[in-house]
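Commentary on secondary and tertiary structure
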Amino acid sequence: MNIQGSIYRRLMLQLVGSAAILAAILFLLFQSFARQLAVESQDTTLQASASAILESVSVQQGQVVADIPYAALAMLGNVSDDRVFYQISLGTEVLTGYEDLPRSLDDTSWTAKYRGDPIRLVKVSRSLPINGSLTTIAVTVAQTQDGLAQKLGEISRTAILIGLIFFAVATILAVWAARSSVRPLNIVAAAVSRRGPADLRPVTTPVPSEMAPLTQALNAFIARLDRSLSQSEDFIAEAAHRVRTPLATVRAQAEVTLRRVDKEENRVALKQMIRAVDESSRAAGQLLDHAMVAFRTDHLERSKLDLRAIIKEIVERQTPIADLKDIEFVQTTAPDCIVLGDTILIQNALTNIIDNAVKYSPHETVITVTLERKGAEVVLTVADQGPGFEADNIDALTDRFARGTNVGQTVGSGLGLTIANEVVKAHNGTLTLTQNTKGSGACVTLSLPA
Amino acid sequence: MRLLLVEDNERLAQALVEMLSLDGHGVDHAVVISEAREFASTVSYDLILLDIMLPDGDGRDFLQELRQSARDVPVIVLTARSEVSDRVSVLDLGADDYLVKPFEFTELEARCRAILRRRGGAATNIKRIGNVEFDLLGGVLKTESTRVELRNRELRLFEVFAANQDVILSKSKLVDRIFAGDEDVSENAIEVYVGRLRKHLRGSTVEIITVRGLGYRMTSA
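Turning our eyes to something else, we now look at the overall build of chain A. Scanning chain A from N- to C-terminus turns up 8 helices and 14 strands. The buried share of chain A, taken over its 450 residues, is 26%. Of the contacts formed within chain A by residues at least 6 apart in sequence, a portion of 67% connects residues at least 24 apart.

Right under this line is the structure:
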């Protein structure tokens, strides 16, 4: 059995098909019953007519006399314009009537063809004593079936009408039955598909008993998914902790030692060590972030975000780092910069862009952060006075692990702009890298639909 | 400054304590939350550095406890977890800032300074050297006739000199203290900042002396 396709459609087809078959059977039964009734009524009339004729046959002085009563044939004429035939025979000799009328040996009623038309015949007989011996007198009365056919036609039309009404009513009931059978399925499907990506609560929608095993299995599956997700989250957090803690120890110890030693070669070695720690910890952090971004962009959790507040928070947090190099932030932000987005992703992207600007800016420079509303878009521009992007690989910088060749000693993973770009794309925005138009430096422009 | 460091990793804690002490801060070190609770209830700290994963519980619980007991001591959370949700949750719980391990010591210092400045620094952070008054948090240098606001690097350089009076400091060590690790700078860059400080100190009894071939030394009369 093909289990694909719509249950609703299949149920409908089955119910409507059954209704059609039932309607056809009803029609045929009705029609054959009506035909039988009509034939029986014709037979009764013919029988009565034939019997009346037979009654009128008498033997007078050895002669057979048949005085056919008018009523005997008139009762047949009443019905319709059907033609009537009769035959009276004595033994095998036809006394009067239509000689070529089909004959039967027994008293019976039957249908035959006569002069090109179907006719119904009834034969009755009785024995009369003629000249001392018993002789059989038979009367056959026949009638064409035009009236019957006409009556049957009428009955058929009625039967068709009844069949159609039955079919229509059955179809309406079928639609109702199919709908109400499928409704619980639709309710559960809607309850499950309307859920947010992070909603891993069990399905509690009431369901019919046949569907209970399915929802139970679904709930067991959801519970397993929830467990395994939180396990892997815990695992990642634990792994990060395990890696970062010793790295932190090594870094701090190297820094302490660097303060104590004077020998230049030892100092260079220690600095290289610190650099290696920074590179690996930064790479680990960015890889985790990138995995998180890849996961979340598949299932965006959108809410209204005030970009101005987010920018303000990020800049505030970056200020102590910028201060170390006497870098100054100049912020110009418009108030009505609300976008619909995933707060964690947007924060991550903006942090990456501003963090980049701080990292690559020389000391005692200015980073300009401008947030404005341009029509249906919110546009963020972060411009620094650093070395800027190289013109020939500007488009490649959003590729994974791509870094400019002019980065010098600055520690980086090559994932920052990749993350920002993926986040912006997932929000139907654009990320543009250009040279700062005011003097040298890089300019990152990010636009998101407002 | 009086600091409390709550960190269960002995070697990391040792290194941090040493660094902070070198800069002239008083540091107490607690390994577990119960110990930290004791320290915090007896000593009034300027700042608490708090690790999250501790042997006897979650550092965040201790943070919550501090905030509920209305002790307004600034807290910087040191965490090995980098997830955004974690960072947000510690700020929501009332932490002033957080640092993801491993961190640069200068960043830790910078964040401490930023918080204390934001919170409005205590008067104890004003130091007198010779006839110069130095407001560590405000970054203000006052002589009898002048008042200068130091830029961040000048401030940190002056701080290093002030903590090591009459000690010869080599250019390379000074570079380590005021430039980020990944900045590509020559030792001569330090001359620019020493030059600026000398200009600010003109007319005072504090002097930065060049010791040929060795570095600089700050003296005061």
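Once the structure has been displayed, the description carries forward.
Turning next to the pairing of strand 12 (residues 377-383) of chain A. All names here are of chain A. With 5 of its 7 residues buried, strand 12 lies for the most part within the structure. Relative to strand 12, strand 11 (residues 366-374) runs antiparallel, the two being bridged by 7 bridges. Counted as the bridge partner of Val-369 is Val-382 from strand 12. As defined by bridge partners, strand 12 adjoins strand 14 (residues 442-449) across 7 bridges and the pair is classed as antiparallel. Looking at strand 14, one finds that Val-379 is bridged to Ser-447.

All names here are of chain B. Ranked by size, the top nonpolar core spans 46 residues in total, and within it Leu-4, Val-6, Leu-47, Leu-49, Leu-50, Ile-76 and Val-77 carry the most contacts. Here the element with the most residues in this core is helix 1 (residues 10-22); it accounts for 6 residues. The contact partners of Leu-4, leaving out residues within four places of it in the chain, are Asp-28, Ala-30, Ala-36, Phe-39, Ala-40, Tyr-45 and Ile-48.

The strands that make up a sheet are held in pairs by hydrogen bonds between backbone atoms, and each pair lies either parallel or antiparallel. Residue and element names in this part refer to chain B. Spatially, 8-9-10-11 is the arrangement adopted by the 4 strands of the open sheet, whose pairing is antiparallel. For this open sheet the edge positions go to strand 8 (126-129) and strand 11 (147-149), each flanked by a neighbour on one side alone. Averaged over all pairs of adjacent strands, the angle between strand axes in this sheet comes to 20°, irrespective of strand direction. Looking at chain direction, strand 9 (residues 132-135) and strand 10 (residues 140-142) are connected through 3 bridges and run antiparallel. Bridged to Asp-135 within strand 10 is Val-140.

Interface size is commonly expressed as the accessible area that is lost once the parts come together. With 39 residues of chain A at the interface, the matching set in chain B holds 36 residues. Listing elements by their share of the side of chain A that touches chain B, those giving two or more residues are helix 4 (212-260), helix 5 (264-298), helix 6 (307-324) and helix 7 (343-360) of chain A. With 15 residues, helix 4 of chain A is the largest single contributor of residues to the side of chain A that touches chain B. Residue composition of the side of chain A that touches chain B, grouped by class: 15 nonpolar, 12 polar and 12 charged.

What follows concerns the pairing of strand 12 (residues 206-211) of chain B. Sheet faces and side chains relate simply in a regular strand, where the side chains alternate between the two faces. All names here are of chain B. Looking at chain direction, strand 12 and strand 13 (residues 215-220) are connected through 6 bridges and run antiparallel. Bridge assignment links Ile-209 to a residue of strand 13, and that residue is Arg-217. Count of turn residues in the strand 12/strand 13 antiparallel hairpin: 3 residues, of which Gly-213 carries a positive phi of about 80°.

So, about the sheet that holds strand 12 of chain A. All names here are of chain A. Taken together, the 5 strands give an open sheet; going across it, the order is 9-11-12-14-13, and neighbouring strands pair in mixed fashion. Only two strands of the sheet have a single neighbouring strand rather than two, namely strand 9 (328-333) and strand 13 (430-435). Averaged over all pairs of adjacent strands, the angle between their axes in this sheet comes to 15°, without regard to strand direction.

Overall, the predicted model of chain B reaches an average pLDDT of 86, with 93% of residues at or above 70. Per the prediction output, this complex has pTM 0.64; the corresponding ipTM is 0.81.

Turning to the environment of Ala-220 of chain A, a few remarks are in order. Residues and elements named next belong to chain A. Relative to the helices and strands, Ala-220 resides in helix 4. Look at Ala-220 and you get exposed, because 11 C-beta atoms sit within 10 Å. When the C-alpha atoms of Ala-220 and Val-203 are compared, they prove to be 10.0 Å apart, with 17 residues separating the residues in sequence.

The next thing to look at is the packing of helix 5 of chain A against helix 8 (residues 416-426) of chain A. Residue and element names in this part refer to chain A. Packing of helix 5 against helix 8 brings their axes to within 10 Å, and their N-to-C directions diverge by 10°. In terms of orientation, helix 5 lies roughly parallel with respect to helix 8. Across the interface between the two elements, Gln-286, Asp-289, His-290, Val-293 and Thr-297 of helix 5 pack against Gly-416, Thr-418, Ile-419, Glu-422, Val-423 and Ala-426 of helix 8.

The subject of this paragraph is helix 5 (residues 105-118) of chain B. Compared with an ideal rise of 1.5 Å per residue, which puts 14 residues at 20 Å, helix 5 of chain B spans 20 Å between its outermost C-alpha atoms and is within 8% of the ideal. Residues of helix 5 of chain B that are buried include every one of Phe-105, Thr-106, Leu-108, Arg-111, Cys-112, Arg-113, Ala-114 and Ile-115 of chain B, and no others.

Let's shift gears to helix 3 (residues 59-68) of chain B. The α-helix advances 3.6 residues per turn, and as a result positions three or four apart in sequence lie on the same side. All names here are of chain B. Buried residues of helix 3: Gly-59, Arg-60, Phe-62, Leu-63 and Leu-66, and no others. Buried positions in helix 3, seen along its axis, are confined to an arc of 155° and lie on one side of it. Phi for Ala-70, located one or two positions after helix 3, is positive at around 65°.

Another aspect to go through is the environment of Phe-134 of chain B. Residue and element names in this part refer to chain B. By the element assignment, Phe-134 lies in strand 9. Here Phe-134 falls in the buried class, since 20 other C-beta atoms lie within 10 Å of it. For the pair Phe-134 and Leu-155, spaced 21 residues apart in the sequence, the C-alpha separation amounts to 9.5 Å.

Residues and elements named next belong to chain A. In contact at an axis separation of 10 Å, helix 6 and helix 7 are set at 35° when each is read in the N-to-C sense. Every pair of crossing elements has a handedness; the one defined by helix 6 and helix 7 is right-handed. Contact residues: Ile-310, Ile-311, Ile-314, Val-315, Gln-318, Ile-321 and Ala-322 in helix 6; Ile-346, Gln-347, Leu-350, Thr-351, Ile-354, Asp-355 and Val-358 in helix 7. In the contact of helix 6 with helix 7, the residues fall into 10 nonpolar, 3 polar and 1 charged.

Below, the discussion takes up unusual backbone geometry. Cis rather than trans, the peptide bond between Lys-101 of chain B and Pro-102 of chain B has omega equal to -5°. Relative to the helices and strands, Pro-102 of chain B resides in the loop between strand 7 (97-100) and helix 5. At Asn-428 of chain A, a position not held by glycine, the phi torsion is positive, near 60°. Judged by the 11 C-beta atoms lying within 10 Å of it, Asn-428 of chain A falls in the exposed class.

This next bit is on the environment of Val-16 of chain A. Residues and elements named next belong to chain A. Topologically, Val-16 is positioned in helix 1 (residues 7-56). Given 17 C-beta atoms within a 10 Å radius, Val-16 is considered partly exposed. The sequence separation of Val-16 and Ile-172 amounts to 156 residues, and the corresponding C-alpha distance is 8.9 Å. Among all residues touching Val-16, those that are not within four sequence positions of it are Thr-171 and Ala-174.

Thresholds, definitions, all that
- Residues numbered from 1 in each chain as written.
- Chains lettered and ligands numbered in written order.
- Predicted model: local features only at pLDDT ≥ 70, side-chain atom pairs only at ≥ 80, totals over all residues.
- Helix = DSSP H or I, 4+ residues; strand = E, 2+ residues; numbered from the N terminus.
- Buried ≥ 20, exposed ≤ 12 C-beta atoms within 10 Å, placed from the backbone.
- Contact = placed C-beta atoms within 7 Å.
- Pairing = 2+ DSSP bridges.
- Core = buried A, V, L, I, M, F, W, Y, C linked by C-beta atoms within 7 Å.
- Axes fitted to C-alpha atoms, helices over the stretch in contact; angles between N-to-C directions.
- Nonpolar A, V, L, I, M, F, W, Y, C, P; charged D, E, K, R; others polar.
- pLDDT = per-residue confidence, 0-100.
- Parallel < 35°, antiparallel > 145°, perpendicular 65-115°, else oblique.
- Expected span 1.5 Å × (residues − 1).
- Arc of directions from axis to C-beta.
- Left-handed = near helix turned anticlockwise from the far one by under 90°.

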